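# Analysis of the macromolecular model
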Amino acid sequence: MLKGERLSLHDSTKGRFQGISCAYLNSYYKIMTVYEGFADRECGIPVDENTLFPACSISKFITALCVMKANEKEIINIDAPINHYLSHWKLCTVNGTESDASIRMVLCHVAGIVDGEDAFYGLRRSDPAISLIDILEGITSYNNRQARVEKAPGTEFEYSDAGYCVLQLLLEEITEKPFEDIAKEYFFDPLGLKETFFASQENVAFYEKNYVMATGYDENGLPIPKKYPQIPDLAASGLWSTPKELLIIAKEFVNASNGNSSLLKNKTAHEMVKLFERFPWIGIGLFMGGENEVISRGWGENGQSMLKINYRTGEIAAVMTNQNPGVDQTESGIERLVNNIHREYKAL
């Protein structure tokens, strides 16, 4: 294991983060981990390779995997209208009619769903819990805009956390199980993951007691009240993990791409990296990087992260932090750090 011997994480990110943890899998299937800083600055707890970090919107990659798994099981058809599978709530147009937007469109952020202004931010663990339907109806400050199709499906890209809340509802309805249990059954348990979970209140209580969950810090370096926010939109941004366990998930995706996975079909992996018509940067739950590369990024009030996968060579890099830097991954140095890790450890 390497611990800052060749690469200064804080120098790469100009000291923007309290704690940073990284993992890299090279083409020889060797895993390297490197980490710096504090999981909890006030208590003097340092980051180690088992520190749990918020993955934020990398959650969407896992959600997409779960949806595609349901598609494999023929429980759903991702090219059918999502309303075919919803009963407790329907995705409607601005005119109040049911939308014909497909599941694929929602996965790719082209269904025409628009999030509320400054939405999906600021809910505290001391605040009353809100439901998925509350979020979709836009009746709370957490998302003050009803989730509906406001643009013609398939015509415009509109990144939408609310869209992934619709996908969460879809999975819960077709399986009759809580979303966090679906992800555990489909992927986390089969892959032997012990440090990866979706942050339901029950899961947070368990992991807070038994593991080190990194305290979140805002862009001014102040700790988030009660250490981390409440995240009711699990499918959009509720994942917690470690970089090393993110590698395990990503490696299974690479295995599927090469026809070597027992969890995911080769056809499914190829479908996820097939470019959406008119939007050449979009995959299913992922975004295109360089040749044969896909990227998943996460950014929330208590952390920023990035996962980069070359599904041909099998090289994977994951970076997770516990502070909102106030700027995106390109400006914060996270993207540069991902590339530096690849360069430093590629040949080891």
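To keep things clear, this report deals only with the structure shown in the data block. Numbering of residues begins from 1 in every chain and follows the order in which that chain's sequence is written. At least 70 in pLDDT is required for a residue's local features to be given in this predicted model, at least 80 for side-chain atom pairs to be given and counted, and no such filter applies to totals for whole chains, interfaces and linings, which use all residues. Water and hydrogen atoms were dropped before computing side-chain values, which therefore reflect all heavy atoms in the structure.

### With respect to the sheet that holds strand S5 (residues 197-198)
Condition: One requirement defines pairing of two strands: DSSP has to find at least two bridges between them. The secondary structure listing takes helices from DSSP runs of H or I that are at least 4 residues long and strands from runs of E that are at least 2 residues long, numbered from the N terminus.
Ordered by their spatial adjacency, three strands build an open sheet running S4-S6-S5, and the pairing between neighbours is antiparallel. In this open sheet, the two strands that pair with only one neighbour each are strand S4 (53-56) and S5. Across three bridges, the pairing between S4 and strand S6 (residues 239-241) is antiparallel. Within S6, the position partnered with Phe-53 by the bridge is Ser-241.

### Considering the sheet that holds strand S9 (residues 303-310)
We count it as follows: Here a residue-residue contact requires only that any non-hydrogen atoms of the pair lie within 4.5 Å. Orientation is described by axes fitted as lines to C-alpha atoms, over the contacting stretch for helices, and by angles from 0 to 180 degrees between their N-to-C directions.
Read across the open sheet, the seven strands follow the order S3-S2-S1-S10-S9-S8-S7; overall the sheet is antiparallel. A strand with exactly one partner marks an edge of an open sheet, and here the two such strands are strand S3 (45-46) and strand S7 (287-288). Relative to strand S10 (residues 316-321), S9 runs antiparallel, the two being bridged by five bridges. For Lys-308, the partnering residue across the bridge sits in S10 and is Ala-317. Set on the sheet, helix H9 (residues 243-257) makes contact with strand S1 (19-25), strand S2 (31-40), strand S8 (293-300), S9 and S10; between it and S10 the angle comes to about 145°.

### A closer look at the layout of surface pockets
To keep it simple, the criterion reads: The pocket and cavity definitions rest on a 1 Å grid over protein atoms only: a 1.4 Å probe that fits but cannot leave marks a cavity, an open set with protein on both sides within 12 Å along at least five of seven lines marks a pocket, and residues lining either have an atom within 4 Å of a point. Grid points are joined across faces, edges and corners, and a volume is the space filled by probe spheres set on the points. Amino acids are sorted into nonpolar (Ala, Val, Leu, Ile, Met, Phe, Trp, Tyr, Cys and Pro), charged (Asp, Glu, Lys and Arg) and polar (every other residue, Gly among them).
Space inside the largest pocket adds up to approximately 870 Å³. In terms of lining residues, the largest pocket is bounded by 50 residues, among which Ser-57, Tyr-159, Asp-161, Trp-299 and Gly-300 are the most central. Mapped onto the lining of the largest pocket, the elements with two or more residues apiece are S4, helix H5 (161-175), S8 and helix H11 (329-332). Per-element accounting of the lining of the largest pocket gives the leading share, six residues, to S8. In the lining of the largest pocket, the residues fall into 23 nonpolar, 16 polar and eleven charged. Each pocket or cavity is described by its volume, and for the second largest pocket that value is around 360 Å³. If you go around the second largest pocket, you meet 18 residues; those closest to its centre are Ala-199, Ser-200, Gln-201, Gln-230 and Ile-231. Top element by residues in the lining of the second largest pocket is helix H7 (residues 201-210). It accounts for four residues. Of the residues in the lining of the second largest pocket, the class split is ten nonpolar, five polar and three charged.

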